[in-house]
Number of protein chains: 2
Amino acid sequence: MESVMHHCHRKLPTLLSRTLFKTLKRRHLNLTIHTVSASSKPVIPTPLVSRLFQPSNLREGQDGGDLTCRSQRLMVQTGLIHPSNPGCFYYLPVALRSLEKLVRLIDEEMHAIGGQKVDMPALCSAELWKKSGRWELMGKEMFRLLDRHNGEYCLGPTHEEAVTELFASQTTMSYKKLPLLLYQVTRKFRDEQKPKFGLLRGREFYMKDMYSFDINEEAALHTYNSVCQAYRRILDRLHLKWVQVQADTGNIGGTLSHEFQLPADIGEDKLLVCGNCGFSANIETMEPGQAKCSQCQTGKLTESRGIEVGHTFYLGTKYSQAFKALFVNASNVPAVAEMGCFGLGVTRILAASIEVMSTEDAIHWPGLIAPYQVCVLPPKKGSKAHEATQKAEELAQSLGNSLPNLRGEVVLDDRTQMTIGKRLKDAKILGYPFVVVVGQTALDDLASFEVVCQQSGETLFLSKDGLVDLLSTVETI
Amino acid sequence: MESVMHHCHRKLPTLLSRTLFKTLKRRHLNLTIHTVSASSKPVIPTPLVSRLFQPSNLREGQDGGDLTCRSQRLMVQTGLIHPSNPGCFYYLPVALRSLEKLVRLIDEEMHAIGGQKVDMPALCSAELWKKSGRWELMGKEMFRLLDRHNGEYCLGPTHEEAVTELFASQTTMSYKKLPLLLYQVTRKFRDEQKPKFGLLRGREFYMKDMYSFDINEEAALHTYNSVCQAYRRILDRLHLKWVQVQADTGNIGGTLSHEFQLPADIGEDKLLVCGNCGFSANIETMEPGQAKCSQCQTGKLTESRGIEVGHTFYLGTKYSQAFKALFVNASNVPAVAEMGCFGLGVTRILAASIEVMSTEDAIHWPGLIAPYQVCVLPPKKGSKAHEATQKAEELAQSLGNSLPNLRGEVVLDDRTQMTIGKRLKDAKILGYPFVVVVGQTALDDLASFEVVCQQSGETLFLSKDGLVDLLSTVETI
């Protein structure tokens, strides 16, 4: 919408202008700098379920015939995503909260290992991809387009070329600056033959892609290790079950590669795990029919399935050689950097965690990335407990205000035309970690609340203090 | 990098695998859920200037002949951005910090007026744009492409069509859900004829675009007003001088429109401001040669120039009619929603604020979005004050730890092979709001520090307590 440069001279209606100009007049006259105090931070109101844009599509009579897996069905059904073009989705407000938390978690772990966040263009010139030899290799999976001057571009499915070009443009990079770990969290584009399983195999998706530059192979493998460790920490902090398997390097290249897989029957990857030594591999990397473990020479390999959520590659000098990505070594001589690259499917982790943790009819979230931690249920309008409504509103407000970890994490289900039971059922489907029912007992001298802890399945009856104690321990990000 | 499905059966080197498997064995054997305590939050080390990926390109001998304005020159020179394809840039780590702060500020103000954040696909099907009539209208400015099935797409330069389609898909939207304000912060694509001025007119840029749905014109104009107010708050909190002008609606459509402009000589927009009543307009909306104000009938219009950073439109039913975006009104009858749309150029605000606030040779940031608030300078290696080095490291660490507003905001310029003077000069160019020089006096019983406050130009000598007091008031986001 910026600068739309049409030179027509239309008359504008004055209806609103007058009101606007009344309030703006002062500012228009004096273009002075207005001093704004710290107190001008706006107050964020408690989110109300009745106002959330979270359409419950399936319950409104659509059938969802093409919903091919649990996560896709649940995510569409509960208004987390909405289908757009094939393999493309609208991320609706509740899902986006979850996604932003996941990005914060990833940022935290990437910074902890010295990662620096950048952002590279989605439009990648064909020239770069021809330099690496992948312009042909990528085939139809790559979206290609021309600009108005007939320049050839693709929409970056990954950014090895772009980042190596960036590194190479720094002509006097000292070895003291290495290891250099650059990463981004951006939308990637792949023209999948058959997009399916919702966010699990889309044509537009968010990926965290990190690229490392090191002085030699030993240092590069050390970096490789530290990124793998960060990936394991991320998955652990999400309380996901994972397995790290030996993997194929495919058209990324390089000589060493691992995938991080979440065991799941709908997973598209076949894994072989040794019952003896724990060796694990993607079946792609094994001799066909291999049944005995090559690592311990004795164990039997068992096949299972997984959803790939991360992929690490030790690249060596495949790209740095082609792009002349050099640094100046300790002897003041230019040398080719050793590279690694490391992907995490961000939107895929979101969907995959719903896939593997949920039941058939209710979402379970990794606690850290649940969109909201607490849902407060006021009594039904016109019911005996109706007077407790205000208590519920105060509670929702005060929890968010008094517990720093719950700021913005408490939602009020104000659809008081519905029974508590119906709203509790909805809350269960949406998987809020804690649901607080405010009823008659909230009006007692020693007010108490019914608290449903969805992760443990327990229901507790707690005083306000007890509730605050319980919720103060909730980890948020 | 996800799921590269090549079915070659390559042998992987075991060099690293063994180490990895040693540490991973336990996990591989038991795919149990590992409980992670809250204390597992990683420690983020103090950022070191020597390790920041912030290449100072121009000082390394390149000339920058095509750098057309102050912000572009300063941003390239200080390693904030790096050019890629024409009109496309790499956002480097320091700039990205600033950009992320700006997004947080915008999020805060959008939430305060009830905005809900979503994320829509960049790939928009031609069908949608044909429905609105803009497929032809947009001309060469739109990037167009085919998918592997020859489906026609564009890369969304804006999302009126997509959001209206989303709204329309909710067939039983109640009037009680309105106003509905959906917004996103995503990358936009426009094939500019002549990209120029760095981030000010790029082909890929970040925009905050909000879309409103209301029950009638009156409510829509009320929403329009509240978004304009939020825009004014955002620009005020950035301490930017701005002017809100009557604007043309161009190919977005609608009947009412305003632009938010930052007065600047390099601005591409010509503005007319009345010296009497404060009426302001983009010259596009006026009769050619008009010199007298139409608002107050007496004032003289003076021409100036501005950089457009925001644009608001009252759309009426242009899109909602075409897409049948209906809601169910209070009489239970379907009615067409009244729409507004509201853009903020996010990367443009970043560059424009540098453009208008900086001097020819030093960046000045809006305080709230300065990438780092404080730079600590330890003494030169081998100098008399050398023993204070450790004090500097401790100070950098402790400021970030003890002042919540400064968490992650303190950087240590550890390039101690350079003199204090040279590093102070760099710090001035980079525009850290506060630079703390740690010298001999830091070793005194009553340690003191030299503090350069770049915004006021003052230099203070403060005790540790005095420094903490001063910095505790710094507003961060």
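Residues numbered from 1 in each chain as written. Chains lettered and ligands numbered in written order. Predicted model: local features only at pLDDT ≥ 70, side-chain atom pairs only at ≥ 80, totals over all residues. Heavy atoms only, no water.

### A short note on the environment of Gly156 of chain B
All names here are of chain B.
- Tracing the sequence through the fold places Gly156 in the loop between strand S6 (152–155) and helix H6 (160–168).
- Gly156 gets classed as buried once you look at its relative accessible area, which sits at 0%.
- If near-sequence neighbours (up to four positions away) are discounted, Gly156 is found in contact with Ala122, Cys124, Lys188 and Phe189. (Helix = DSSP H or I, 4+ residues; strand = E, 2+ residues; numbered from the N terminus. Buried < 20%, exposed > 50% of the residue type's maximum accessible area, 1.4 Å probe, protein only. Contact = heavy atoms within 4.5 Å.)

### Section: the confidence of the model for chain A
- For chain A, per-residue confidence averages 89 on the pLDDT scale, and 89% of positions sit at 70 or higher.
- In the model, residues 1–39 of chain A has pLDDT below 50 throughout and makes 107 contacts with residues more than four positions away in sequence or in other chains. (pLDDT = per-residue confidence, 0-100.)

### Here's the deal with the state of the cysteines
- Within this structure, the stated rule accounts for zero disulfides over all chains.
- Unpaired in terms of disulfides, Cys88 of chain A finds its nearest cysteine sulfur in Cys124 of chain B, a separation of 8.9 Å.
- For Cys88 of chain A, a relative accessible area of 0% corresponds to the buried category. (Disulfide = S-S within 2.5 Å.)

### Quick notes on the sheet that holds strand S21 (residues 459–463) of chain A
All names here are of chain A.
- Reading across the sheet, the five strands line up as S18-S17-S19-S20-S21 and stay open at both edges, with mixed pairing between neighbours. The sheet terminates laterally at strand S18 (410–412) and S21, the two strands that pair on one side only. Pairs of neighbouring strands in the sheet enclose a mean axial angle of 25°, with direction left out of account.
- Sheet contacts for helix H12 (residues 464–472): strand S17 (374–377), strand S19 (434–437), strand S20 (448–453) and S21; angle to S21, the most-contacted strand, approximately 120°. (Pairing = 2+ DSSP bridges. Axes fitted to C-alpha atoms, helices over the stretch in contact; angles between N-to-C directions.)

### Here's the deal with the packing of aromatic side chains
All names here are of chain B.
- Here the structure, examined in full by the defined rule, presents 10 aromatic pairs over all chains.
- Summarising the aromatic geometry, the rings of Phe167 and Phe213 are spaced 4.2 Å apart at their centres and angled 10° between planes, so their arrangement reads as stacked. On the criterion of sequence distance, the pair formed by Phe167 in helix H6 and Phe213 in strand S8 (residues 204–214) is long-range, its members being 46 residues apart.
- When its relative accessible area of 0% is taken as the criterion, Phe213 is described as buried.
- Between Tyr231 and Phe260, the aromatic rings sit 5.5 Å apart at their centres with planes inclined by 70°, giving edge-to-face as the arrangement. In this pair, Tyr231 sits in helix H7 (residues 217–237) while Phe260 sits in strand S10 (residues 256–263), placing the two residues 29 residues apart along the sequence. In terms of burial, Tyr231 and Phe260 fall into one category: buried.
- Just above the ring of Trp135 sits the side chain of Arg144; from NZ or CZ to the centre is 4.6 Å. (Phe/Tyr/Trp six-rings, centres within 6.5 Å; stacked < 30°, edge-to-face > 60°. Lys NZ or Arg CZ within 6 Å of the ring centre and 35° of its normal.)

### Here we look at the pairing of S17 of chain A
Residue and element names in this part refer to chain A.
- Burial along S17 is two-sided: the face carrying Val374 and Val376 and the face carrying Cys375 and Leu377 are both buried.
- Inspection of the sheet shows S17 paired to S18 by three bridges, in the parallel sense. Within S18, the residue paired with Cys375 across the bridge is Val411.
- For the handedness criterion, the β-α-β arrangement of S17, helix H10 (residues 389–402) and S18 is classed as right-handed.
- Both S17 and S19 contribute to a ladder of four bridges, which runs parallel. Across the sheet, residue Cys375 finds its bridge partner in S19, namely Val435. (Right-handed = clockwise from strand over helix to strand, strands pointing away.)

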